[in-house]
Number of protein chains: 4
Amino acid sequence: MSYKSGRHFLQIPGPSPVPDRILRAMDNPVIDHRGPEFAELGQAVLAGIKRIFKTESPVVIYPASGTGAWEAALVNTLSPGDRVLMCETGQFATLWHELAGKLGLEVEFIPGDWRHGADPQAIAERLRRDDGHQIQAVCVVHNETSTGVTSRIGDIRRAIDEAGHPALFMVDTISGLASADYRHDEWGVDVTISGSQKGLMLPPGISFNALSDKALARAKQARLPRSYWDWSAMLASNATGYFPYTPATNLLYGLKEAIHMLEVEGLDHVFARHQRHAEATRRAVQAWGLEVLCLNPAEHSPVLTTVLLPEGHDADRLRRLILERFDMSLGAGLGKLKGRVFRIGHLGAINDLTLLGTLAGVEMGLACAGVPHRPGGVQEAMRFLADR
Amino acid sequence: MSYKSGRHFLQIPGPSPVPDRILRAMDNPVIDHRGPEFAELGQAVLAGIKRIFKTESPVVIYPASGTGAWEAALVNTLSPGDRVLMCETGQFATLWHELAGKLGLEVEFIPGDWRHGADPQAIAERLRRDDGHQIQAVCVVHNETSTGVTSRIGDIRRAIDEAGHPALFMVDTISGLASADYRHDEWGVDVTISGSQKGLMLPPGISFNALSDKALARAKQARLPRSYWDWSAMLASNATGYFPYTPATNLLYGLKEAIHMLEVEGLDHVFARHQRHAEATRRAVQAWGLEVLCLNPAEHSPVLTTVLLPEGHDADRLRRLILERFDMSLGAGLGKLKGRVFRIGHLGAINDLTLLGTLAGVEMGLACAGVPHRPGGVQEAMRFLADR
Amino acid sequence: MSYKSGRHFLQIPGPSPVPDRILRAMDNPVIDHRGPEFAELGQAVLAGIKRIFKTESPVVIYPASGTGAWEAALVNTLSPGDRVLMCETGQFATLWHELAGKLGLEVEFIPGDWRHGADPQAIAERLRRDDGHQIQAVCVVHNETSTGVTSRIGDIRRAIDEAGHPALFMVDTISGLASADYRHDEWGVDVTISGSQKGLMLPPGISFNALSDKALARAKQARLPRSYWDWSAMLASNATGYFPYTPATNLLYGLKEAIHMLEVEGLDHVFARHQRHAEATRRAVQAWGLEVLCLNPAEHSPVLTTVLLPEGHDADRLRRLILERFDMSLGAGLGKLKGRVFRIGHLGAINDLTLLGTLAGVEMGLACAGVPHRPGGVQEAMRFLADR
Amino acid sequence: MSYKSGRHFLQIPGPSPVPDRILRAMDNPVIDHRGPEFAELGQAVLAGIKRIFKTESPVVIYPASGTGAWEAALVNTLSPGDRVLMCETGQFATLWHELAGKLGLEVEFIPGDWRHGADPQAIAERLRRDDGHQIQAVCVVHNETSTGVTSRIGDIRRAIDEAGHPALFMVDTISGLASADYRHDEWGVDVTISGSQKGLMLPPGISFNALSDKALARAKQARLPRSYWDWSAMLASNATGYFPYTPATNLLYGLKEAIHMLEVEGLDHVFARHQRHAEATRRAVQAWGLEVLCLNPAEHSPVLTTVLLPEGHDADRLRRLILERFDMSLGAGLGKLKGRVFRIGHLGAINDLTLLGTLAGVEMGLACAGVPHRPGGVQEAMRFLADR
């Protein structure tokens, strides 16, 4: 076995680096999930996570990864053959779309170029044409982890409202929560899906559904078979701080610590920090003369930045070289972007110097790999970061 | 906040105490689940867990608790309305039965008294009457965590074979694996379900489906909607050590260590150790003049012992008193046993002295709670343990 | 490599088992010992440890084990050839005596039978005979770890006072602090020596000198060469929360947590808990028909119990057998007690059930080793513990 | 309490960042330091540490920080009033000099400008003038942590030999060991002093004396009082893997892991890695137009780089600003360099990207603090690091 000296730079857009405080919180004996000590833990995290989603409605916590929470959102609210409207913002929207199909839903997919967020107008238009209100749900990915583009959830809410359409509004902010500003209640989202291993800075293994009254009402009629994902059993047990089946106790220890850390820093500060690092990163990319995938400045992700390589240059080769020489993981191009882009994660528990080490790794990697670029990206990011 | 001096005795029948080695293995930075280092981890645990199930067929690992693996077994192999034969061995069999019903299956439930394992003859008889082979699957709980009774899986296999019935054979050994002898291949089980937080000594959060060729063949026709639980996507990714969606990386670190520990000790030694502790516990119960719930000596669980209280004595009051005075968690009576029994877990990472501390806590608790009993249970257990 | 299942029972009279909370506190990145964050830590532990010693005078913290703190007490206060009065209470008093000799001090050693504490009258008598006040210091071991006998420090203080003798009074409570009641100021001790790995529940590696004004005044004239142990440099740096050389930072993290835990439980509760466990242990020994080494009931140690084996039985063989069969470490007989006694530690982070597991290990070990005894010690201890 | 997002950059010249592997190794239950399991640990670390010092003679391990090991080297080999020759290479040489004085030794101090290592010729010359061989020991600091200058130990050995002088040769490589090439046997050093918290990547708390036959022979005559530091008791116990008093067990766990990590990487690779990072750092400093304190290119430290600020600029203000804004600790100017320099640690468990993050923090700090400099240091370091 060989050890690389020093700490690996995990700069993929999630899982994000887990802070020591959270690892240590998790590194504790399991407790009886039916005992009184657990109830305190359960109530603390169930209350705390609502503040992170900015909701007063319940949030369900699953021992599952984010993909499970996608499935949960659908099976609790829909019936076989129901029509659902989704937006092709990238690979994760595509996967969610596939998942919905496997569950027996009829999915319409508003096409996209993977360089823009979901288009509120296109959604509104489609809904307006849906006279019979066949469409049961509109599903949008808030922060597309495959592209680094965010969708404007508030605007989409307004678009749905203007169309006067009763569809449920479901939003995946798996990689956005606790990094990008997110407001479940204010934006009138019915089901928000998220996961642990991004802005919450936890290892993967738990995921979330934040609900609304409307979603809960729909759940009563929904006929897709469900048991593990069933909200009603969850909510019944959660009322006293417990879970209907064995929860992922040690991740809940970590969640408690994560919520505490986020609240001590302050969510607004957390969001501003992510924006600042994202801006520094984009300035570096620009300085290198490379192209950021996201085309709309209003939709730049604070979580990750996706960089297009010049034609003829293989992004996976670059990533491999950077991993081997500089011990840094970057995100691969997914789906139709495979080999054409790499993704820099700048979310979660990082700071200016880690970001600059990251950008230095990219800049050196570009040089080593012979990718045409101008040096000076790190310099530019430093200038920006030193200034504010 | 207050701390109790010393270490809590977690003597419920799972989650079992997590050894420091495993907690420390988990207390490590998350790695890129799409990078080369992960593939090594993935391949190691996917290969290792097969040895624990004693199978050469694939084992699927879910980021989910055991309940999810129950659901997975059913949705991968069955279609809406399929008939399934289950056996009422206790509360967990009852919950699995309910889960199957929620998924839209037709479940027959062979009734039981919660003091015996599933009856091979009753199963054979029912199958023989099933001329048209309507029954698609026979589902049995190997180690009933609510009762401390094991079902004789080998005998049930023979019973199915003698009935000449083609039903799939699915076994839940969530609390049995790596504590009680279990042989997926030799016993011809088609799907074995298990979880992490029992004999594997891990925190809860991952669970398993061990498969057979027959199960895989059935999966191709099965029409229950599925995506998260879908074996085919799992197996495709697992081939190279990866997972189709984000796995619970840190639990996989722990799983690798757990497999290593079990194999260094030797599975046969692990099983013998559990049998020895179970026998010592039963001798203590007998010495107290109390009744073990399990009535058939061939079906005593090596994992836990369920103790009946004399009429008029509330087992939950006893458990509360023991928790408060002696900082030990015991298992509650579940379902129709609520208040009438308590359950002593003696599984996983424990040793003679921990068991004796446990039994001492019970014996003192009986005295403090005024439950009629003879002292001397610990003495009897010591005599047994010192002898071999 | 082989792993024993379950947790080792570390029942030696120190190091005592380190609670998870303390191990986790220590498992954190080192910080700059000259930075502002360190000063907060330093001030917190320097203030907190004074409360544990019950003193308002400074306490010096050394990166060293207890033996170093013995040396520190002497070299800071004495000059070559100075006369010192010590009391032979056991092996540790003997080692301290040897150490003093190596440093060039003239040591008188009041002989003892290793079954009693230091005799206040013998001390008073000797001091009264010391007309010219040649004796510069009286040195006593508070809790003799080799015998399980405590010396009555308050009484000795009174004896010195009654003799009207100006000698410094130095007390080793390395294994007594935070387990046995100890009052540096009230008892007028000039230097108290202690260590981390006993009642403070930390790993070994730091040790202490609690001072008095008189000790500090003496230090100004003392001419034994010293640098590492020099109080003056320590106190100068400590004033702002720092240390004159690199401190054992991670042990200080642990110390902060230990002080917190002790204060949340309450020192009086901590002392009562130790007394209760000691009494339970002695009752077990009596029930076995074996002899406790300590002969004076007023001097029984709350920290450990030393048990004499019948003639012709080798205590080390017994200990080895218990280690191999039951994975428990007990303390060996030291010095002239080698092979004749074993020592049961019941200090620090333990609870009733751990103690009973411990006593069960001893009782089974006695049986396995063929040491003549009556069974029933555990039973007797249970009776006592269940009663209060 | 407030948390800073991300990981603190601890870039002082020791303590160096402790790798997770080592923290986790230390985060384990204490074991009986007189039991058989300990002997295995003791033997492993006592053998392993010899390979790190490149010696076949014994290495003594103290539960103490490096300052204690300084004292140990002197008290084991010298007698009151002995004459010792030391070289003023910087603050640590000055402190060692003071310590020797406190112990009652006569110390001659060859003056130095703190910008060069010890001068072999000056030493040789002084020794040649010492006709009566009054000088008992020559003491040199290998890697001056206060200046970033290394002394050429091999050359000094040759100088002593050429002078034909029998003095002991003692070398402090507290901050050099396991970062800078060091050869105890080949260089004929009699006592080498080192500590845990630098190249060994451990927390502070243990320190070392590597011996020679000549040193051991001298120890027999040496008359400085000693007990805690006494080699003979140590070596007697070490023969079987034990220690004469309670060792710092958990740091020994860490030491075992550290030795393993260093040997898996290979010491030569470790040294080359440090050289490479030191060179990159110096190039950055040069690019900034600032001055490296060390004037002799043959004496540049691979462990740290000390940077002179232009007149009128306060290095401590710069360091404070960098700590507050960029969460990085740098080393302060010590002694007569206070306020005039800062020190960049680049030792132990770091890698290229961490170093570049570090240099970025310095470069931004210079800008924020208004220290005259040219940007481009990070750029220059990147160019260098990407090239090889």
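- Looking at an unreviewed UniProt entry, chain A carries the name Serine--glyoxylate aminotransferase, with the source organism given as Zobellella endophytica.
- The record held by UniProt for chain A lists under Cofactor (unreviewed entry) the comment "pyridoxal 5'-phosphate".
- In its Sequence similarities (unreviewed entry) section, the UniProt entry covering chain A states "Belongs to the class-V pyridoxal-phosphate-dependent aminotransferase family."

## With respect to the interface of chain A and chain B
Accessible area lost during the coming together of the parts is what is often quoted as the interface size.
So, point 1. Counting residues at the interface gives 44 residues for chain A and 44 residues for chain B.
So, point 2. Secondary structure elements with two or more residues in the side of chain A that touches chain B: α1 (20–26), α3 (66–77), α4 (91–102), α9 (249–265) and β13 (328–332) of chain A.
So, point 3. Of the residues in the side of chain A that touches chain B, the class split is 24 nonpolar, 14 polar and six charged.

## Concerning the UniProt feature "binding site: substrate" (unreviewed entry) in chain A
So, point 1. UniProt records the feature "binding site: substrate" (unreviewed entry) at A:Arg343, using the numbering of this structure.
So, point 2. Along the chain, the position of A:Arg343 falls in strand β14 (residues 341–345).

## Quick notes on the domain arrangement of chain A
All names here are of chain A.
So, point 1. Annotation of chain A at the domain level lists domain 1 (9–16 + 267–387) and domain 2 (20–263).
So, point 2. Each of domain 1 and domain 2 has a C-alpha centre, and the two are 27 Å apart.
So, point 3. Taken together, the contact pairs 26 residues of domain 1 with 27 residues of domain 2.
So, point 4. If you list the elements that add at least two residues to the side of domain 1 that touches domain 2, you get α10 (267–288) and β12 (304–308).

## A closer look at the sheet that holds strand β11 (residues 291–292) of chain B
All names here are of chain B.
So, point 1. Taken in spatial order, the five strands of this open sheet run β1-β13-β14-β12-β11, and their pairing is mixed. The open sheet has two edge strands with one neighbour each: β1 (9–11) and β11.
So, point 2. Pairing analysis gives five bridges linking strand β12 (residues 304–308) to strand β14 (residues 341–345), with the strands arranged antiparallel. Across the sheet, the residue bridging to Val 307 is Phe 342, located in β14.
So, point 3. Along the sheet, helix α11 (residues 315–326) makes contact with β13 (328–332) and β14, crossing β13 at roughly 165°.

## A look at the UniProt feature "domain: Aminotransferase class V" (unreviewed entry) in chain A
So, point 1. In this numbering, the UniProt entry assigns the feature "domain: Aminotransferase class V" (unreviewed entry) to residues 31–318 of chain A.
So, point 2. Secondary structure within residues 31–318 of chain A divides into 42% helix and 16% strand; the distance between the first and last C-alpha atoms comes to 45 Å.

## Concerning the relation of the copies chain A and chain B
So, point 1. The two copies are related by a screw motion: chain A maps onto chain B through a turn of 180° and a shift of 0.0 Å along the axis, at an RMSD of 0.0 Å. Such a combination of turn and shift is consistent with a two-fold rotation axis. The C-alpha atom lying nearest the rotation axis in chain A is that of A:Ala64; the distance is 2.4 Å.
So, point 2. In this assembly the copies share their binding face: 100% of the residues contributing to the interface of chain A also contribute to that of chain B.

## Overview of the relation of the copies chain C and chain B
So, point 1. With an axial shift of 0.0 Å and an RMSD of 0.0 Å, the rotation relating chain C to chain B amounts to 180°.
So, point 2. Both copies present the same face, since 100% of the interface residues in chain C are matched by interface residues at the equivalent positions in chain B.

## As for the interface of chain C and chain B
So, point 1. On the chain B side, the residues contacting the 36 residues of chain C number 36 residues.
So, point 2. Elements supplying a minimum of two residues to the side of chain C that touches chain B: α9 (249–265), α12 (352–369) and α13 (377–387) of chain C.
So, point 3. Here the side of chain C that touches chain B takes twelve residues from α12(C), the largest share from any one element.
So, point 4. Of the residues in the side of chain C that touches chain B, the class split is 20 nonpolar, nine polar and seven charged.

## Some points on the packing of helix α10 (residues 267–288) of chain D against helix α12 (residues 352–369) of chain D
Residue and element names in this part refer to chain D.
So, point 1. Taken N-terminus to C-terminus, the directions of α10 and α12 make an angle of 20°; their axes are 11 Å apart at the nearest point. Relative to α12, the element α10 is oriented roughly parallel. Crossing geometry of α10 relative to α12 is assigned as right-handed. On α12, the residues touching His 277, Ala 280, Thr 281, Ala 284 and Trp 288 of α10 are Leu 355, Leu 359, Glu 363 and Leu 366.
So, point 2. Across the contact of α10 with α12, the residue classes tally to six nonpolar, two polar and one charged.

## Some remarks on the sheet that holds strand β2 (residues 59–62) of chain C
All names here are of chain C.
So, point 1. In spatial order, the strands read β2-β10-β9-β8-β5-β3-β4; together these seven strands make up an open sheet with mixed pairing. Lying at the two open borders of the sheet, with one neighbouring strand each, are β2 and β4 (106–110). Direction aside, neighbouring strands of the sheet carry axes that sit 20° apart on average.
So, point 2. The sheet contact formed by strand β3 (residues 83–87) and β4 spans five bridges and is parallel. Paired with Cys 87 across the strands is Ile 110, a residue of β4.

## Quick look at the environment of B:Arg223
All names here are of chain B.
So, point 1. Along the chain, the position of Arg 223 falls in the loop between α7 (213–221) and α8 (231–238).
So, point 2. On the basis of neighbour count, Arg 223 is assigned to the exposed category, with 12 C-beta atoms found within 10 Å.
So, point 3. Separated by 143 residues in the primary sequence, Arg 223 and Pro 80 have C-alpha atoms spaced 6.8 Å apart.
So, point 4. When sequence neighbours within four positions are dropped, the list of residues in contact with Arg 223 reads Ser 79 and Pro 80.

## Describing the pairing of strand β14 (residues 341–345) of chain D
All names here are of chain D.
So, point 1. The element β14 is largely enclosed, with a buried count of five among its five residues.
So, point 2. On β14, burial covers both faces: Val 341, Arg 343 and Gly 345 on one face and Phe 342 and Ile 344 on the other are all buried.
So, point 3. Across two bridges, the pairing between strand β13 (residues 328–332) and β14 is antiparallel. In the sheet register, Ala 332 faces β14, and the bridge partner there is Phe 342.

## As for the packing of helix α13 (residues 377–387) of chain A against helix α13 (residues 377–387) of chain D
So, point 1. Running from N to C, α13(A) and α13(D) cross one another at 150°; their axes reach a closest spacing of 9 Å. By the angle between their directions, the pair α13(A) and α13(D) is classed as roughly antiparallel. As for the relative orientation of α13(A) and α13(D), their crossing is right-handed in sense. Residues A:Val378, A:Gln379 and A:Met382 of α13(A) form the contact with α13(D), whose participating residues are D:Val378, D:Gln379 and D:Met382.
So, point 2. Each residue belonging to the contact of α13(A) with α13(D) can be placed in one class, and the counts come to four nonpolar, two polar and no charged.

Criteria and thresholds
Residues numbered from 1 in each chain as written. Chains lettered and ligands numbered in written order. Predicted model: local features only at pLDDT ≥ 70, side-chain atom pairs only at ≥ 80, totals over all residues. UniProt positions renumbered as here; feature names shortened; annotations may be inferred. Contact = placed C-beta atoms within 7 Å. Helix = DSSP H or I, 4+ residues; strand = E, 2+ residues; numbered from the N terminus. Nonpolar A, V, L, I, M, F, W, Y, C, P; charged D, E, K, R; others polar. Domains from an automatic or database assignment. Pairing = 2+ DSSP bridges. Axes fitted to C-alpha atoms, helices over the stretch in contact; angles between N-to-C directions. Least-squares fit on C-alpha atoms with pLDDT ≥ 70 in both. Parallel < 35°, antiparallel > 145°, perpendicular 65-115°, else oblique. Left-handed = near helix turned anticlockwise from the far one by under 90°. Buried ≥ 20, exposed ≤ 12 C-beta atoms within 10 Å, placed from the backbone.

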